[in-house]
Amino acid sequence: MHFSIFAVGLAAPAALAYPFVAEAPGVDASMLRNAGRASHEKRQGSCPFNSNHPGAAPYSSDYPYTGAQNGLPGTGIGGIKVPADGDTAHAFEAPGPNDIRGPCPGLNTAANHHFLSHDGITTFTELVDAQQNLYNVGYDLAVTLAVLGVGLDGDVLTGKLSLGCDATSRTSATGDLLGDELGLDGHNKFEGDTSLTRNDYYLANGDDYSLNSSLFAQMQDTCQGNFNRDNLAQYRYNRYQQSLAENGNFYFGPKAVILIGAASFLYELFPSLGPDGTPDLPTMSSFFEREQIPDDWYNRKTSYSGEDAVAEILALYLEHPVLFGGNVGPGDFDALSFGPITDGKLSSNSKDVLCLLYQLAVDNVPSSLSTVLELPLQVVQFATGKLNPIFEGYGCPVKTT
Ligand code: HEM
Ligand SMILES: *[C@@H]1O[C@H](CO)[C@@H](O)[C@H](O)[C@H]1NC(C)=O
């Protein structure tokens, strides 16, 4: 086992040392981009197109939820029934064949209840409002996740994002001038390996977005009806070992911290009343299998902030620490270093991890052991514009462009 890609970069040509890869002599960055392009093109033709684009249902003054509108902060005060009695605009409506859904059960559910546009083409503003109003996600975390989603997989000029497959023709105003907008299905941008219930991209011909019911059953086998931190830490560890053994292209990069964070959503956001409720099988079944808000469901009383999420990321990680990095071949793992990740190990300093969330949105981050995802200037400007006010407040070093 190697401990650092810096150390092995010289010996193993497959593992180019970040962050110099893009500028390294002999490395043709356009080749890397084309490789990424080829891998999604085969699905582009089959991305559904619904000519009816309703947008999220408007919030009425009768049912304001946390009062979040127009991408601005709401009250952060939850404990509110969702959908509220009488709020038929946010009733469940199953997606049709032309509606786009993808790897995120939280957002798929929000779209099924018209908190996001039901066709699955959503916007930054809808995402920031919906996360606050439906789940009582804190404004800071809601903005951070929406910036990551739109910045990595959507269009920063229109603010549009596909919840699943590549719908560039509808998310972009300029064609693919800024590159293809892969949607949330795009691999190693936001989506990554070792998901709870989705396949690794390379193990399933690119189907990294459908619910895999065997994986859902495996999760239940480990959690035994209690999807709490301890059991999910164990299940995530099992999934990591599974990918390590089975997936020759396994990659667990810096963005995997977000996926660790997503595991906390099962016990912090999905239960009725969040952490005051019960993370049981009927609840998980409702969000993962039906993508529907359970009956008689209330959002959490206090908002779930970025700092709360980082505390859970660290707690989950430290129960069963694993190395960040990836396979360069079957059974041949290289660790990586980036920001607060040193030789594959994540710092246990919560401020460092909080600031890493910022870095993931504004910096060029390795998207595999040999490639770096280079963010176009427009994306960096979009991300710093939204995130600097929030992360300056946390004392993170911010970028000026
Ligand atoms: C703008 C906000 C959000 C974006 C862009 C987003 C995007 C994503 C993406 C791309 C994944 C796939 C990651 C992977 O490879 O496993 C994912 C997973 C997940 N998301 Fe979201 N998400 C957002 C907010 C939320 C919220 C608010 C919730 C819960 C209320 C949620 C719950 C989950 C869960 C539970 C998973 C893990 C699914 C699994 O591993 O099987 N997400 N999200
Ligand atoms: C679901 O996951 C299992 C375990 O990783 C895998 O063997 C199976 O092929 C997957 N099924 C589908 C339909 O992708």
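Residues numbered from 1 in each chain as written. Chains lettered and ligands numbered in written order. Predicted model: local features only at pLDDT ≥ 70, side-chain atom pairs only at ≥ 80, totals over all residues. Heavy atoms only, no water.

The name an unreviewed UniProt entry assigns to the protein is Heme haloperoxidase family profile domain-containing protein, from the organism Ramalina farinacea. What the UniProt record of the protein gives under Sequence similarities (unreviewed entry) is the line "Belongs to the chloroperoxidase family." We quote the UniProt Cofactor (unreviewed entry) comment for the protein here in full: "heme b". (UniProt positions renumbered as here; feature names shortened; annotations may be inferred.)

**Student:** What is the right way to look at the site of ligand 1 in this model?
**Tutor:** Around ligand 1, the surrounding shell holds 27 residues, and the nearest of these are Cys104, Gly192, Ser195, Leu196 and Thr197. Here an oxygen atom of ligand 1 and a backbone polar atom of Leu196 are 2.7 Å apart. A distance of 2.6 Å separates an oxygen atom of ligand 1 from a polar side-chain atom of Thr197. Mapped onto the shell around ligand 1, the elements with two or more residues apiece are helix 3 (105–112), helix 4 (124–135), helix 5 (139–153) and helix 9 (256–268). With four residues, the top contributor of residues to the shell around ligand 1 is helix 9. The residue makeup of the shell around ligand 1, split by class, is 19 nonpolar, six polar and two charged. (Near = heavy atom within 4 Å. Polar contact = N/O pair within 3.5 Å; in protein donor to acceptor, adjacent residues only side chain to side chain. Helix = DSSP H or I, 4+ residues; strand = E, 2+ residues; numbered from the N terminus. Nonpolar A, V, L, I, M, F, W, Y, C, P; charged D, E, K, R; others polar.)

**Student:** I would appreciate a short explanation of the site of ligand 2 in the present structure.
**Tutor:** Around ligand 2 lies a shell formed by Asn199, Asn212, Ser214, Leu215 and Gln242. In this structure, an oxygen atom belonging to ligand 2 sits 3.1 Å away from a side-chain N or O atom of Asn199. Asn212 is positioned such that a nitrogen or oxygen atom in its side chain is 2.3 Å from an oxygen atom of ligand 2. In isolation ligand 2 exposes 360 Å². Once the protein is present, 43% of that is buried. Considered class by class, the residues forming the shell around ligand 2 number one nonpolar, four polar and no charged. (Areas by Shrake-Rupley, 256 points an atom, 1.4 Å probe, with all protein chains shown as cover.)

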